Amino acid sequence: MMNHFMILAVLLPLRTCYTTYSREEYIVFPVTYLNISKDLALQRLLVEWDVDKSAHDAELAMSFEIQVCRTDETSTMWTAFHNTTLDKSGKPLHWIWDSDIPLECMAHTVRIRSKAEASKIWSRWSLWETVLGLDTSNNSGPQIFPNEKIVEEGSDITLCCIGRKGQTLKKFFLVPAVHVFSHTDSQVRLLTVKNVSHQGVPHFTVYCQESCNEEQCYDRAIFFVGKSPDAPNDFSCQTQDMRTVTCTWSQGGDTYLYGGHSPKYTLYEEFSQKKVPCTVSCSEQCSCSWDIGQQRILNITMTVENPLGKKTATDVFDVTHRIYPAAPSQLWEECTDTKITLYWKHQNKGIELFCQTEVLLPDGKVELHNSSDTHLPYASQSITLDGLQPYTEYTTRVHCGAAKHFWRWSEWSEAQTIRTNEAIPSGKLDIWREITPAQGGRNVTLFWKQAPSFQANGENISYEVTWGKVEDGSKSESISFSSVYNSTRISIDNHSYKISITAKNNVNYSLPSVLIIPSTTDTKELKEEQVNGTDDGIFITWEPRHIYDNYIVDWCNFPMLQPCDLQWRRFGPNTSSALINSAVFIPGVRYNFQIYGSVANKASLLEKKTGFLRELPPILDPVVEKVELTSNAVTLSWDSYPANESQCGFVRGYHVYVSPLQEDCSLKGSQKHVLPDDSVLCKYTIENPEEKRYTVKYLLSNTKYKLVVKAYTGGGETPIVNFIYIDTPLNSNKLYLLVLLVIVPALVAAICRWKMKWVKECCCPVIPSPNKSKVLSFKEFKIGSEKVLKISDCIPDMLAVDSKAEAQKLRPWSQLSSMTTDDKIDDHNSSCIYVNENEERDFTPTPTPQTHTWFENFAYSSHLAVESDPYQLPETIEASKPELSIVLYQPHLYFDICKEGVASTLREAAGRKTNLRYVSQTDVHCLGRKP
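Before going further, it helps to examine the state of the cysteines. All chains considered together, the criterion is met by eight disulfides. Residue pairing for cysteine 282: its cysteine sulfur links by disulfide to cysteine 286, the two sulfurs lying 1.9 Å apart. Because the sign of the S-S torsion sets the handedness, a value of about 110 degrees for the bond joining cysteine 282 and cysteine 286 places this disulfide among the right-handed ones. For cysteine 286, a relative accessible area of 0% gives the class buried.

Here it is as structure tokens:
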């Protein structure tokens with residue numbers, strides 16, 4: 001029983017807790033009170049509400065959902081949440097809503113519901129609470145809102161125009177025109193401008209018009225665009241006398257708001273809780289000064305504000321650490337030739353100062369000199385500047401700062417210009433000479449200039465030139481010149497002279513500069529060496545000689561003028577090169593340099609150089625004075641062309657350009673050269689400038705050519721413009737060859753054609769081929785490979801009888817003699833015997849020749865050796881060997897055997913084989929009959 005009660009005792013509180021917690025999950029506290037008001041100045045809705053007192057007593061943590069609705073055409077709604085913990089004071093809750101449009105333009109309604117943090121459900125919504133817009137029932141015309149006419153640059157602004165009841169708005173716009181978003185109903189119009197900018201004008205104007213045209217139907221409003229002020233820069237405070245404090249700061253950027261809307265500055269001292277009684281003035285900087293009395297530690301807050309915002313800056317300081325002394329005053333000086341002592345006063349009471357002096361040197365450099373000790377109030381302070389140049393102007397000024405707790409320097413005192421006193425000229429003049437021969441002696445032109453180490457150290461400078469012979473110590477001559485002169489000419493004989501030049505001011509003379517003119521002028525000719533120019537000048541070198549104290553290089557700035565403005569420079573004994581430059585050097589002008597070595601004030605010419613700052617092409621082209629032509633070459637001469645100092649560069653050689661008129665050139669030994677118009681020339685290069693004659697070979701005869709000769713320098717050559725034109729003559733050797741090879745053979749051919757038959761008979765007689773004769777077609781016997789014809793088989797055309805006796809047997813001689821010539825010739829078939837005996841031949845045969853018979857064609861005479869004759873009988877050949885050579889050249893008898901009588905006679909003789917031999921080369925039938 002006891003256990004049962006114990007369990008009930010535990011469960012009962014648990015149930016009570018659960019029931020309570022379950023109730024809290026569903027408990028609600030609806031809004032019991034809601035009020036809305038509007039702050040038109042800030043364009044805000046002020047919302048006030050409350051819930052049941054029990055919620056305050058329970059100090060519940062609650063959430064509130066707030067909805068704001070605008071009664072425009074779109075019924076725009078905003079929702080926000082507000083979380084808070086209630087307290088037992090029972091005070092109503094507040095919430096602020098910033099409107100993006102003027103609240104006057106239309107009505108706004110608000111409702112709220114609540115939820116306890118422990119609850120799961122929201123209360124019901126409160127009723128809508130409405131705050132109305134502007135009541136325009138009594139307005140005399142349309143109205144534009146907002147009333148505040150200052151707009152911050154970069155912000156968005158919505159403008160509205162409210163018309164009167166019963167009126168419709170017709171126009172609503174801005175000037176200057178900007179991009180806007182517009183919302184419209186019959187009585188209210190809205191304009192929204194995004195990212196408002198200054199646009200170079202201080203304001204913009206808004207116009208609104210109702211549908212009527214009376215004056216009261218219009219409204220206009222001006223809006224200023226500006227910026228909130230920047231935070232003050234460089235805000236600091238300081239004092240000069242420990243009584244008055246001055247605070248300064250930079251204004252910052254332009255706010256574009258002026259007059260009553262411009263920034264306002266106020267200063268407040270936090271320790272005394274008082275506004276600083278000062279008047280702010282602004283120019284380059286803003287400043288404000290006031291008397292601090294005995295206060296030494298200050299905390300100053302400066303505020304700058306305008307209608308768009310405000311900024312602050314703070315400075316906390318000890319006055320003794322912010323001392324900014326007044327500028328020194330009443331400066332005066334004491335000086336010698338190398339020293340200045342400067343004095344001044346200052347007005348700061350009871351403040352020890354440390355001062356600094358600025359010295360502006362003649363070369364533009366600035367030196368700062370600090371005073372060595374501090375100075376008491378009202379005591380004269382001074383500083384000594386030494387190591388200065390005599391008779392030189394120096395500009396000085398002084399500023400000071402607190403010796404203890406240095407804050408910053410004072411302003412500079414007024415600048416003081418001081419000139420040191422005169423002294424003897426220091427250093428020597430730099431002198432040089434030019435020697436030219438003259439009748440009975442020499443003219444010496446002397447030049448002088450102030451070397452970098454020379455100082456005149458005074459005014460009224462003059463120069464004194466003194467000269468005399470070295471050997472006999474005779475009385476010297478002298479002459480003085482004012483400061484405007486820097487050269488003179490004296491005449492001396494051929495003795496050695498000593499020349500000195502000094503500078504003089506109001507104090508004394510400088511040390512003399514000395515030149516020794518030797519007794520004889522060095523006249524040896526030195527070859528000029530060419531040197532090259534650079535962008536910075538003309539670079540020259542020389543061979544160093546250890547015997548000289550220094551070297552001198554001289555030249556003329558204007559070589560073509562007389563006098564030529566001689567210039568010179570000196571170099572130490574260890575120098576062997578120099579870059580000579582001058583502002584007057586120009587390209588294309590030839591400058592000549594002489595290098596001298598000097599020892600014991602006596603100078604000797606060592607080398608000569610010549611060069612250009614930059615070479616240019618020659619001004620004039622060579623003029624071809626002589627042209628020598630052959631059929632295949634041309635020789636050009638331009639002997640009078642100058643290659644000397646008149647040129648704009650060193651003439652390095654010549655180019656000869658050649659080309660036929662009708663085609664590109666490809667002459668042997670030339671280089672291809674393309675002109676700007678893409679035409680091609682042949683280029684020949686002559687690298688010796690003294691060679692002014694050139695022969696162009698391998699030309700074609702009887703051809704037109706164009707030629708030009710151009711000189712070139714290190715700067716190139718001028719463009720090719722003008723040509724000379726030549727015609728090569730006809731080649732006479734080729735003409736002769738043409739006659740020999742063409743005309744003569746043609747003439748011979750014509751003659752030969754004219755006498756073709758005669759030439760053919762003389763030079764090329766027709767020789768019949770024995771192998772083609774039909775008389776060899778009989779199948780008789782052969783000797784070797786040759787066929788042999790028996791005499792008895794046919795009648796030969798001709799019969800040659802070696803013996804007259806044999807001939808008489810064949811036919812009487814009288815018959816032969818009585819026959820007419822016509823019969824011999826015309827009757828081809830007649831039987832006639834021709835006897836032809838050449839008795840002029842004189843042979844002397846030693847043995848008596850045997851009798852032989854020889855038959856041959858009248859047109860063919862055989863001189864074959866007998867032993868090679870295949871037609872000779874063996875016994876005949878044997879018998880006749882000793883006399884063969886003679887028999888072949890014995891007179892022959894020729895018989896015409898064409899006729900019957902002769903033929904029969906021949907047959908009778910055919911049986912004497914030892915006496916006759918027959919050779920036939922004509923087509924004769926065996927029976928003597930023609931086909």
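Let's pick the thread back up.
Turning next to the sheet that holds strand β15 (residues 218–226). A sheet is described by the order of its strands in space; here four strands give the open sequence β9-β15-β14-β11, paired in mixed fashion. Lying at the two open borders of the sheet, with one neighbouring strand each, are β9 (150–152) and β11 (169–175). Direction aside, the axes of adjacent strands within the sheet are offset by 25 degrees on average. The pairing of β9 with β15 spans three bridges and is classified as parallel. In the strand pairing of β15, valine 151 is matched with valine 225.

A few words on the pairing of strand β42 (residues 577–580). Residues Ala578 and Ile580 of β42 are buried on one face, while the alternating residues Ser577 and Leu579, pointing to the opposite face, are not. Pairing geometry for strand β39 (residues 538–541) and β42, over four bridges, is antiparallel. Among the inter-strand pairings, phenylalanine 539 is bridged to a residue of β42, identified as leucine 579.

Residue proline 176 follows valine 175 across a cis peptide bond; omega there is 0 degrees. Topologically, proline 176 is positioned in the loop between β11 and β12 (180–184). Cis geometry is adopted by the peptide bond preceding proline 563, which originates at glutamine 562 and carries an omega value of -5 degrees. If you trace the backbone, proline 563 turns up in the loop between β40 (550–556) and β41 (566–571). Of note in this structure, methionine 242 is not a glycine but carries a positive phi near 70 degrees. Within the fold, methionine 242 resides in the loop between β16 (233–239) and β17 (244–250). Despite not being glycine, asparagine 460 has its phi angle at roughly 55 degrees, a positive value. Its location among the elements puts asparagine 460 in the loop between β32 (441–450) and β33 (462–469). For asparagine 460, a relative accessible area of 52% translates into the label exposed.

Attention shifts here to the pattern of salt bridges. Within this structure, the stated rule accounts for 21 salt bridges. The partner of glutamate 393 in a salt bridge is arginine 419, and the shortest N-O contact between them spans 3.0 Å. Of this pair, glutamate 393 sits in strand β29 (residues 393–402) while arginine 419 sits in strand β30 (residues 416–419), and the two are 26 residues apart along the sequence. For glutamate 393, a relative accessible area of 42% translates into the label partly exposed. Judged by relative accessible area, which is 36%, arginine 419 ranks as partly exposed. As a salt-bridge pair, glutamate 615 and arginine 652 come within 2.3 Å of each other at their nearest N and O atoms. Pair noted here: glutamate 615 is in the loop between β44 (602–612) and β45 (626–629) and arginine 652 is in the loop between β46 (634–637) and β47 (653–660), with a separation of 37 residues, a long-range link. The exposure class of glutamate 615 is buried, given its relative accessible area of 16%. Among the charged side chains, a network of salt bridges with common partners joins Glu529, Arg545, Glu607 and Lys609.

Turning next to the side chain of asparagine 443. Along the chain, asparagine 443 turns up in strand β32. Not counting chain neighbours up to four residues away, the residues in contact with asparagine 443 comprise Glu434, Ile435, Thr436, Ala438, Arg489, Ile490 and Ser491.

Taken together, the three strands give an open sheet; going across it, the order is β24-β25-β28, and neighbouring strands pair in antiparallel fashion. Each edge of the open sheet carries a strand with a single partner, namely β24 (329–335) and β28 (381–386). Geometrically, the sheet is characterised by an average inter-axis angle of 20 degrees between neighbouring strands, direction not taken into account. Bridge count between β24 and strand β25 (residues 339–345): five bridges; the pairing is antiparallel. The residue of β25 that forms the bridge with glutamate 334 is threonine 341.

If you look at the biggest cluster of nonpolar residues, it comprises 38 residues, and the most contacted ones within it are Val245, Cys247, Trp249, Leu267, Trp290 and Ile300. Counting 21 residues, the second largest nonpolar core, distinct from the first, contains Phe29, Leu93, Val110 and Ile112.

What follows deals with the side chain of threonine 341. Along the chain, the position of threonine 341 falls in strand β25. A residue is classified by how much of its surface remains accessible, and threonine 341, at 13% relative accessible area, is buried. Polar contacts involving the side chain of threonine 341 include one to the side chain of threonine 384, which spans 3.4 Å.

Residues Leu740, Leu741, Val742, Ile743, Val744 and Val748 make up a contiguous nonpolar surface patch of about 540 Å² in total accessible area. Secondary-structure assignment places valine 742 in helix α3 (residues 732–754).

Position of glycine 226 among the secondary structure elements: in strand β15. Under the relative-accessibility criterion, glycine 226 is labelled buried at 0%. Sequence spacing of glycine 226 and threonine 255 is 29 residues, and the spatial spacing of their C-alpha atoms is 5.3 Å. Excluding residues within four positions of it along the chain, glycine 226 makes contact with Val151, Glu152, Glu153, Thr255, Tyr256, Leu257 and Leu308.

Scoring rules and cut-offs
Residues numbered from 1 in each chain as written. Predicted model: local features only at pLDDT ≥ 70, side-chain atom pairs only at ≥ 80, totals over all residues. Heavy atoms only, no water. Disulfide = S-S within 2.5 Å. Buried < 20%, exposed > 50% of the residue type's maximum accessible area, 1.4 Å probe, protein only. Pairing = 2+ DSSP bridges. Helix = DSSP H or I, 4+ residues; strand = E, 2+ residues; numbered from the N terminus. Axes fitted to C-alpha atoms, helices over the stretch in contact; angles between N-to-C directions. Salt bridge = Lys/Arg side-chain N within 4 Å of Asp/Glu carboxyl O. Contact = heavy atoms within 4.5 Å. Core = buried A, V, L, I, M, F, W, Y, C linked by side-chain atoms within 4.5 Å. Polar contact = N/O pair within 3.5 Å; in protein donor to acceptor, adjacent residues only side chain to side chain. Patch = residues over 30% accessible without salt bridge, like charges linked within 9 Å, V, L, I, M, F, W, Y side chains within 5 Å. Areas by Shrake-Rupley, 256 points an atom, 1.4 Å probe, with all protein chains shown as cover.

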